[in-house]
Amino acid sequence: MRGLPAAAVDVSPLDVLEDLDGVFAGSFQAAGDSWLLYTDVMWAKISTDADFGPFGGTADFEQTQIVATALVGYELPVNVANMQLDATGGLRYQHNKVELGIDPVFFPAIDRSGSQSWADPIVGLTMHYDVNSKWFVDVMADVGGFGVASDITLQGAATVGYNWTDTLDSSLGYKALYTDYEDGGFRYDATQHGIFTRLAVKF
């Protein structure tokens, strides 16, 4: 908040679910003989409120976040059976919007809002490994920022999946995203991480 020092926030997944208004996440991947195109996007909105007691008033908080990544990859000659390793490069876009309303009992109400958007260049690696005809492992990691926008941004994800048919698979994984970004009086130094599931349709 403007005029106040940065504050540390540590929110558990259960707390997030209690305040979650909505979320959407999806990805698209196209692969050729040696080239890979990949993009994903996540939109999430959370809100909460607080009651300061009979003589304190109320406060309402709302935050909307968008994270989108676009990558181009080229397959590296690793010569390992059933493994595909790609070097990647691209951009990650992040947008945060916050709205805060404070309604004290004995003073006029205050409403404030603000948003910040930035894009970082990123480089990384992706790996796909077929354990057998049914089971597979996917790993993705990248690093970026380099002072262009963020001082640094890091992302990593690992999944274990199962091919139900030639066109349908599902997987369970763990993903983490860290970003250290500062612009004027705005400071965003955050890690988001957790378990996710994925359903993929191949065509």
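For the structure itself, consult the block above.
Residues numbered from 1 in each chain as written. Predicted model: local features only at pLDDT ≥ 70, side-chain atom pairs only at ≥ 80, totals over all residues. Heavy atoms only, no water.

Concerning the nonpolar core
As a rule of thumb, nonpolar side chains are buried together in soluble globular proteins.
Stage number 1. In terms of nonpolar packing, the biggest core is built from five residues, these being Trp118, Ala149, Tyr181, Tyr188 and Ala190.
Stage number 2. Those residues in contact with Tyr181 that sit more than four places away from it in its chain are Gln116, Ser117, Trp118, Ala149, Ser150, Phe186, Arg187 and Tyr188. (Core = buried A, V, L, I, M, F, W, Y, C linked by side-chain atoms within 4.5 Å. Buried < 20%, exposed > 50% of the residue type's maximum accessible area, 1.4 Å probe, protein only. Contact = heavy atoms within 4.5 Å.)

Thoughts on the packing of aromatic side chains
Stage number 1. Overall, the coordinates contain seven aromatic pairs when judged by the stated rule.
Stage number 2. With a centroid separation of 4.8 Å and an interplanar angle of 65°, the aromatic rings of Trp35 and Tyr74 are classed as edge-to-face. Here Trp35 is found in strand 2 (residues 35-51), whereas its partner Tyr74 is found in strand 3 (residues 58-76), with 39 residues between them in sequence.
Stage number 3. According to the relative accessible area criterion, Trp35 is exposed, its value standing at 54%.
Stage number 4. Residue class for Tyr74 comes out partly exposed when judged on its relative accessible area of 40%.
Stage number 5. Between the aromatic rings of Trp135 and Tyr162, the centroid separation amounts to 4.9 Å while the plane-to-plane angle is 65°, which identifies the pairing as edge-to-face. Within this pair, whereas Trp135 is found in strand 6 (residues 135-145), its partner Tyr162 is found in strand 7 (residues 152-163), the two being separated by 27 residues in sequence.
Stage number 6. The partly exposed category is assigned to Tyr162, whose relative accessible area is 22%.
Stage number 7. Here the aromatic residues Trp118, Tyr181, Phe186 and Tyr188 are joined through ring pairs into a cluster of three or more. (Phe/Tyr/Trp six-rings, centres within 6.5 Å; stacked < 30°, edge-to-face > 60°. Helix = DSSP H or I, 4+ residues; strand = E, 2+ residues; numbered from the N terminus.)

Focus on unusual backbone geometry
Stage number 1. Positive phi, close to 70°, is recorded for Asn82, a residue that is not glycine.
Stage number 2. With respect to the helices and strands, Asn82 occurs in the loop between strand 3 and strand 4 (83-103).
Stage number 3. Looking at Asn82, the relative accessible area reads 48%, which means it is partly exposed.
Stage number 4. Of note in this structure, Phe146 is not a glycine but carries a positive phi near 55°.
Stage number 5. With respect to the secondary-structure elements, Phe146 resides in the loop between strand 6 and strand 7.

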